[in-house]
Amino acid sequence: MADSSFDIVSKVERQEVDNALNQADREISQRYDFKNVGASIAWSGERIEMRANSEERVKAILDVFQSKLVKRGISLKALDAGEPQASGKEYKIFATLQEGISQDNAKKVAKIIRDEGPKGVKAQVQGDELRVSSKSRDDLQTVIALIKGKDLDFAVQFVNYR
């Protein structure tokens, strides 16, 4: 019997982020505390740009956006938001989405699987993802539970389970 396997990836559904951003923008345009303060959130190239006339308001915009992301099932670990920066009379926050597992993080996860996972489970780095394989599907389920239980500093999803 052939080995069963799955991939550990770190991807973000761009359409879901767009939907969350549009929902946040709609809420910001309708909320009373954001009236006449120049509050906005929009894509700026590959980054998300939030702007308002005070540091507290721009942080509130980030909070609204994060709540919309959570409702759409996107991990906040994939969102890398900077600190508020003064730009003339307004404040800005730039946020980027992190995708792919870096080589260092992939090695950390592979080490966790080797050290704490069942015997006979192999983990190999393939570009920006990690392929985990084993003869036993139960062992793969154990590895998924193990990785979900760890507090990693990046978002992970499990795909191509076969």
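Residues numbered from 1 in each chain as written. Predicted model: local features only at pLDDT ≥ 70, side-chain atom pairs only at ≥ 80, totals over all residues. Heavy atoms only, no water.

**Brief notes about the overall build of the protein chain**
Cut-off, in case you're wondering: Every helix listed is a DSSP run of H or I at least four residues long, and every strand listed is a run of E at least two residues long, numbered separately from the N terminus. Restricting the calculation to C-alpha atoms gives the radius of gyration, and the globule rule supplies 2.2 Å times the number of residues raised to the power 0.38. Categorising residues by exposure relies on relative accessible area from a 1.4 Å probe, with only protein chains included: less than 20% of the type maximum marks a residue as buried, more than 50% marks it as exposed, and the intermediate range marks it as partly exposed. By the convention used here, residues are in contact when the closest approach between their heavy atoms is within 4.5 Å. A residue counts as positive if it is Lys or Arg and as negative if it is Asp or Glu; His and the chain ends are not included. For this purpose, a charge sits on NZ of Lys, CZ of Arg, CG of Asp or CD of Glu.
Of regular secondary structure, the protein chain possesses four helices and nine strands. Element order for the protein chain, N to C, with α for helix and β for strand: β-α-β-β-α-β-β-β-α-β-β-α-β. A compact globule built from 162 residues would reach a C-alpha radius of gyration of about 15 Å, whereas the protein chain, at 20 Å, exceeds it by more than 25%. For the protein chain, with 162 residues in total, the buried portion stands at 37%. Relative to all contacts within the protein chain whose residues are 6 or more apart in sequence, the contacts with residues 24 or more apart total 61%. Charged side chains in the protein chain number 27 positive and 26 negative. The centres of these two groups are separated by 2 Å.

**As for the pattern of salt bridges**
Here is the rule we go by: In what follows, salt bridge is the name for a side-chain nitrogen of Lys or Arg lying within 4 Å of a carboxyl oxygen of Asp or Glu.
On inspection of all chains with the given rule, the structure shows 15 salt bridges. A salt bridge links Asp-3 to Lys-135, with the shortest nitrogen-to-oxygen separation between them at 3.2 Å. In this pair, Asp-3 is assigned in the segment before strand S1 (4-9) and Lys-135 in the loop between strand S8 (129-134) and helix H4 (137-149), connecting sequence segments 132 residues apart. By relative accessible area, Lys-135 is classed as exposed at 59%. Of the charged contacts in the structure, one is a salt bridge between Glu-90 and Arg-51, with a shortest N-O distance of 2.8 Å. Here Glu-90, found in strand S6 (residues 90-97), pairs with Arg-51, found in strand S3 (residues 47-52); they are 39 residues apart in sequence, far enough to count as distant. Take Glu-90: its relative accessible area is 22%, and that puts it in the partly exposed class. Linked through salt bridges whose partners overlap, the residues forming this network are Glu-27, Arg-31, Asp-33 and Lys-68.

**Focus: the packing of helix H1 (residues 14-30) against helix H2 (residues 55-71)**
Where we set the bar: Here, axes are lines fitted to C-alpha atoms. For helices the fit covers the stretch in contact, and angles between N-to-C directions go from 0 to 180 degrees. Here the angle decides the label: under 35 degrees means roughly parallel, over 145 means roughly antiparallel, 65 to 115 means roughly perpendicular, and every other value means oblique. By definition, any crossing whose near helix is turned counterclockwise from its far helix by less than a right angle is left-handed, and any crossing with a clockwise turn is right-handed. Classification convention: Asp, Glu, Lys, Arg as charged; Ala, Val, Leu, Ile, Met, Phe, Trp, Tyr, Cys, Pro as nonpolar; all other residues, Gly among them, as polar.
Relative orientation of the contacting elements H1 and H2 amounts to 135°, with a least axis distance of 9 Å. What the angle tells us is that H1 and H2 run oblique. Between H1 and H2 lies a crossing whose hand is right-handed. Seen from H1, the contacting residues are Val-17, Ala-20, Leu-21, Gln-23, Ala-24, Glu-27 and Ile-28; seen from H2, they are Ile-61, Val-64, Phe-65, Lys-68 and Leu-69. For the contact of H1 with H2, the class distribution of residues is nine nonpolar, one polar and two charged.

**Here we look at the side chain of Glu-129**
Relative to the assigned elements, Glu-129 resides in strand S8. The side chain of Glu-129 is buried and forms no salt bridge, while Lys-11, the nearest opposite charge, is found at 4.1 Å. Excluding its chain neighbours within four sequence positions, the residues that come into contact with Glu-129 are Asp-7, Ile-8, Val-9, Lys-11 and Gln-124.

**Points about the side chain of Ser-4**
As a reminder, the rule being used: Between N or O atoms, a polar contact is any pair within 3.5 Å; within protein, one atom must be a potential hydrogen donor and the other a potential acceptor, and residues adjacent in sequence are included only when both atoms are from side chains.
Here Ser-4 shows up in strand S1. Judged by its relative accessible area of 5%, Ser-4 falls in the buried class. At a separation of 3.4 Å, a polar atom in the side chain of Ser-4 contacts the side chain of Arg-137. With residues up to four places along the chain from it excluded, the contact list for Ser-4 reads Val-132, Ser-133, Ser-134, Lys-135, Arg-137, Leu-140 and Arg-162.

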